[in-house]
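# Examining the three-dimensional arrangement
Residues per chain, in single letters:
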Amino acid sequence: MKKYIKKIAVMTSGGDSPGMNAAIRSVIRSASYYKLESVGIYRGYQGLIEGDIVKMDARSVHHIIQKGGTILKTARSDEFRTIEGRKKAYDNLVKHEIDAMVIIGGDGSFTGGMIFNQEHGFPLIGIPGTIDNDIYGTDFTIGYDTALNTAVEVIDKIRDTASSHNRLFFVEVMGRDAGFIALNAGIGAGAEEILIPEENMGLDRLLMTLERSRRSGKTSSLVVVAEGDKTGANVFELASYVEENLPEYSVRVSVLGHMQRGGAPSCFDRVLASRMGVKAVELLIDGKTNLMVGQLNNVMVTTELEKAIKEHHSISKEILRVSDIMSV
Ligand code: F6P
């Protein structure tokens, strides 16, 4: 039987991403639109365990749509991995008379939410927020577009100095398990070579393509490497290997790191987050639970949390082909 909900909670969990504030705003404003009460939970599941919960309304989320980070803070909670931790979390939800919850985060946060739902039957909906774009059931996760633009902007600058000195740069971008940022920022910035975790290019082929590119008259080169790429042990090792084997190259390394997680969200991420927040609240009102909101072919859709966690968001073969053709 459908249980009518009166009060909704929202939290951000796991690694932050630009646009999370826009998603929080959307959830709170949607709750207000549908005459529901709402609260924010600070620091994800850890804050829930500790009862770090604050009442919110449409006005408490003004002027945050343009801000990076998350006003609710975020955390990874070891305690929530335990039955006792999840029981404390549940007790706090009951104490605050919360009927349903929206979790903005990545697959780790969704796994926690799914186990929590199985144990306590608590209604919850996930919104995918991570710069890695590695979640099944959505073409885009919140923050990915902004991170891509940040990466391209910086790589363009590196290109300037690479070109002035006729140097080869290895630029490491984020993506522990996924090459979405590397592949798309690499194409966008005109990288000569792109290394991603999904495809081990092999050191020999890397040397061959760099040699070919030098012979073809290129004076500077950029190789964009995803953090999780397996071609070498890490980007520094890759750079030394190339320097040893192609001594004619002057090689430098630049690791972009956490700057990719910050900054004002792009308009795309703000709109995506706004759409996802509305959809999440409407699903809860409709009595739905254990689903993740996604956007596929510009349509808002849902995927079972279990499926979103287990299935893999694959890199497009067509984009890979484009990247190969562009590096000729
Ligand atoms: O947000 C995802 C991600 O950026 C990964 O690509 C990266 O490996 C990881 O977060 C690092 O996160 P943290 O430094 O917070 O552990």
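Criteria and cut-off values
- Residues numbered from 1 in each chain as written.
- Predicted model: local features only at pLDDT ≥ 70, side-chain atom pairs only at ≥ 80, totals over all residues.
- Heavy atoms only, no water.
- Pairing = 2+ DSSP bridges.
- Helix = DSSP H or I, 4+ residues; strand = E, 2+ residues; numbered from the N terminus.
- Axes fitted to C-alpha atoms, helices over the stretch in contact; angles between N-to-C directions.
- Domains from an automatic or database assignment.
- Contact = heavy atoms within 4.5 Å.
- Buried area = accessible area lost by both parts, 1.4 Å probe.
- Salt bridge = Lys/Arg side-chain N within 4 Å of Asp/Glu carboxyl O.
- Polar contact = N/O pair within 3.5 Å; in protein donor to acceptor, adjacent residues only side chain to side chain.
- Nonpolar A, V, L, I, M, F, W, Y, C, P; charged D, E, K, R; others polar.
- Near = heavy atom within 4 Å.
- Areas by Shrake-Rupley, 256 points an atom, 1.4 Å probe, with all protein chains shown as cover.
- 1 Å grid on protein atoms, 1.4 Å probe; cavity = no way out; pocket = protein on both sides within 12 Å on 5 of 7 lines; lining within 4 Å.
- Sits in = over half its atoms within 2 Å of the grid points.

## What about the sheet that holds strand S1 (residues 7–12)?
If you walk across this open sheet you meet the seven strands as S3-S2-S1-S4-S5-S10-S11, and the pairing is mixed. Every interior strand has two partners, whereas the edge strands, strand S3 (53–56) and strand S11 (299–304), have only one. Neighbour-to-neighbour, the strand axes of the sheet open up by a mean angle of 30 degrees, direction not taken into account. As defined by bridge partners, strand S4 (residues 100–105) adjoins strand S5 (residues 124–128) across five bridges and the pair is classed as parallel. Residue pairing across strands places methionine 101 opposite leucine 124, the latter belonging to S5.

## Details of the domain arrangement of the chain
Partitioning the chain into structural domains gives domain 1 (7–143 + 265–310) and domain 2 (146–261). Inter-centroid distance (C-alpha atoms) of domain 1 to domain 2 is 34 Å. Each partner contributes to the interface: domain 1 provides twelve residues, whereas domain 2 provides eleven residues. A buried area of about 930 Å², summed over both sides, lies between domain 1 and domain 2, and 51% of it is on carbon and sulfur atoms. Per-residue buried area on domain 1 facing domain 2 is highest for Asp16, Ile131 and Asp132; these three make up 47% of the total on that side. If you look at where domain 1 meets domain 2, you find one salt bridge. One salt bridge connects aspartate 16 with arginine 261, and the closest N-O pair in it is separated by 2.8 Å. Our enumeration of links across domain 1 and domain 2 arrives at five residue pairs in polar contact (both at pLDDT 80 or more). Looking at side-chain class alone, the side of domain 1 that touches domain 2 contains three nonpolar, five polar and four charged residues.

## Concerning the site of the ligand
Around the ligand sit Arg76, Ile131, Asp132, Met174, Gly175, Arg176, Glu227, His258 and Arg261, and those are all the residues in its vicinity. Interatomic distance of 3.1 Å between a side-chain N/O atom of arginine 76 and an oxygen atom of the ligand. Take aspartate 132: an N or O atom from its side chain is 2.9 Å from an oxygen atom of the ligand. Taking 400 Å² as the accessible area of the ligand by itself, protein coverage stands at 81%. For the ligand, the cavity whose grid points lie within 2 Å of the majority of its atoms is the largest pocket.

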